[in-house]
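Each chain, letter by letter, is given below.
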Amino acid sequence: MTGASQPHVLAADAAGIAEAAQILRNGGIVAVPTETVYGLAARADSDQAVAEIFRAKGRPDFNPLIVHVADIDGARRLARFDASAELVAQAFWPGALTLVLPRLGGAALSSAVTAGLTTVALRSPSHPVMRAVLAAAGVPLAAPSANRSGALSPTSAVHVAASLGGNIDCIIDGGACEAGIESTIIAQRASGSWELLRPGPITEDQIARHVGALGDATSAGKGKIEAPGQLSGHYSPGKPLRLNAQSAQPDEFHIGFRDITGSENLSSTGDLALAAAQLYAVLHRAAASDKLRIAVAPIPDHGLGTAINERLRRAAAA
Ligand code: AMP
Ligand code: MG
């Protein structure tokens, strides 16, 4: 821990990756770019290393973390994979899909990672820098988003430094994140069926093509909240946020979409992938602007729009 000083920014090259892997092997924490958002990584098999993540983020310790692995082989050492889990992992890994599966009894995982649950959340990321760090560290890495708990997720090294500043020693700067929103999370039930815990870059329809329709744990009244990350009041920009705003008041930063121009437009052509990739960067700028409030144009609620709207609803409730 470096106290109030700014974190050391490592280049996303062989030397930077080797240094990050060394810090991680020694039980330190490093912010690393992934294809979703920047993650704050620590070795997942060490109670002390994982405790550093919770401390740096100010995250409640009953909120479990996603464990990142290099490949399916690495995941099979930590959780039980049935035929259906194999199928989704083969279809979407490496990529922005997290699987919540029954944790293996002998798995080398800190119990803080799973917050004492009998399940573990696993993902094999596709970002070349995160993959290289995983390979060089040689251990699974717990990595929640690299921001103070409850705040906006970071999609650049500058966002990480602004949120976690003196709480972390190192950031690998890998540029802007491609998907720009957190991974899709699905959980396998005892019956073998799947439930959507968090919409994300990989859509429900894409997953359903492989394993059939998903149950929905995210809509009100259905399913049960398993972890606080599923509650409202997450992703806070620190200002009131209004949804479905066709126009804005003078004291509002207006986030536009398609033909609603706004102060900044998520995508003037209505491209939802571009809108997702830009979402947090635009929200960070809206938060830093001199406007007191934020208003967001309507975003269509299909495909990637479902994940964008879920983040916006929770930002509005924060
Ligand atoms: P973050 O690390 O900020 O991207 O958030 C990770 C999300 O994964 C949180 O919403 C957690 O609640 C969820 N999560 C992690 N592990 C589990 C698990 N074993 N069961 C259910 N949800 C989980
Ligand atoms: Mg987060």
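Data block above holds the structure.
Residues numbered from 1 in each chain as written. Chains lettered and ligands numbered in written order. Predicted model: local features only at pLDDT ≥ 70, side-chain atom pairs only at ≥ 80, totals over all residues. Heavy atoms only, no water.

(A) Structural context of the sheet that holds strand β12 (residues 241–242). Overall, parallel pairing links the 4 strands, which are arranged β12-β15-β13-β14 in an open sheet. The sheet terminates laterally at β12 and β14 (264–265), the two strands that pair on one side only. Across 4 bridges, strand β13 (residues 252–256) lies against strand β15 (residues 293–296) in parallel orientation. Within the sheet, the bridge partner assigned to F253 lies in β15 and is I294. Sheet strands touched by helix α8 (residues 272–288): β12, β13, β14 and β15. Its angle to β13, the strand with the most contacts, is close to 165 degrees. (Pairing = 2+ DSSP bridges. Helix = DSSP H or I, 4+ residues; strand = E, 2+ residues; numbered from the N terminus. Contact = heavy atoms within 4.5 Å. Axes fitted to C-alpha atoms, helices over the stretch in contact; angles between N-to-C directions.)

(B) How the structure looks around the pattern of salt bridges. All told, the structure shown has 13 salt bridges when counted by the stated rule. Here R123 ties to E35 by a salt bridge, and the two come within 2.7 Å at their closest N and O atoms. In this pair, R123 is assigned in strand β6 (residues 119–123) and E35 in the loop between β2 (30–32) and β3 (39–43), connecting sequence segments 88 residues apart. A relative accessible area of 6% places E35 in the buried class. (Salt bridge = Lys/Arg side-chain N within 4 Å of Asp/Glu carboxyl O. Buried < 20%, exposed > 50% of the residue type's maximum accessible area, 1.4 Å probe, protein only.)

(C) Here's a closer look at the nonpolar core. Counting 48 residues, the largest nonpolar core has F81, L99 and L122 as its most contacted members. The set of elements that each furnish at least two residues to this core consists of β3, α2 (47–57), α3 (72–76), α4 (83–92), β5 (97–102), β6, α6 (157–164) and β10 (194–198). Ranked by residues supplied to this core, first place goes to α2 with 5 residues. Excluding residues within four positions of it along the chain, L99 makes contact with F81, A85, V88, A89, W93, V120, A121, L122, I186 and W194. If you look at the next biggest cluster of nonpolar residues, it comprises 27 residues, including I260, A275, L279 and A307. (Core = buried A, V, L, I, M, F, W, Y, C linked by side-chain atoms within 4.5 Å.)

(D) Quick look at the packing of aromatic side chains. Under the counting rule described, the total for this entry stands at 2 aromatic pairs. Here F81 and W93 contribute two aromatic rings whose centre-to-centre distance is 6.3 Å and whose plane-to-plane angle is 70 degrees, an arrangement assigned as edge-to-face. Of the two residues, F81 sits in the loop between α3 and α4 while W93 sits in the loop between α4 and β5, which places them 12 residues apart along the sequence. Neither F81 nor W93 differs from the other in exposure class; each is buried. Pairing Y235 with Y280 gives two aromatic rings, centres 6.2 Å apart and planes at 40 degrees, and the pair type is tilted. With Y235 in the loop between β11 (215–216) and β12 and Y280 in helix α8, the pair connects residues that are 45 residues apart, well separated along the chain. (Phe/Tyr/Trp six-rings, centres within 6.5 Å; stacked < 30°, edge-to-face > 60°.)

(E) The arrangement of the sheet that holds β2 in detail. Taken together, the 11 strands give an open sheet; going across it, the order is β1-β8-β2-β3-β7-β4-β6-β5-β9-β10-β11, and neighbouring strands pair in mixed fashion. Taken across any chain shown, the strands that pair with only one partner, and hence form the sheet edges, are β1 (8–11) and β11. Of the strands in this sheet, β3 and β7 (141–142) are in contact with α2, which crosses β3 at around 155 degrees.

(F) Fine view of the packing of helix α1 (residues 14–25) against helix α5 (residues 128–137). The N-to-C vectors of α1 and α5 enclose an angle of 50 degrees; their axes lie 9 Å apart at closest approach. One way to sum up the angle between α1 and α5 is to call them oblique. In terms of crossing hand, the pair formed by α1 and α5 is right-handed. Within the contact between the two elements, α1 uses I17, A21, L24 and R25 and α5 uses V129, A132, V133, A136 and A137. A per-class count over the contact of α1 with α5 returns 8 nonpolar, no polar and 1 charged. (Parallel < 35°, antiparallel > 145°, perpendicular 65-115°, else oblique. Left-handed = near helix turned anticlockwise from the far one by under 90°. Nonpolar A, V, L, I, M, F, W, Y, C, P; charged D, E, K, R; others polar.)

(G) Structural context of the environment of H210. Its location among the elements puts H210 in helix α7 (residues 204–211). Contact partners of H210, with chain neighbours within four places excluded, come to L87, A91 and F92.

(H) Representation of α5. Listed in full, the buried residues belonging to α5 are V129, M130, V133, L134 and A137. Within α5, the buried residues cover an arc of 140 degrees as seen down the axis, which keeps them to one side. Away from its buried face by more than 90 degrees, α5 exposes P128 and A135. (Arc of directions from axis to C-beta.)

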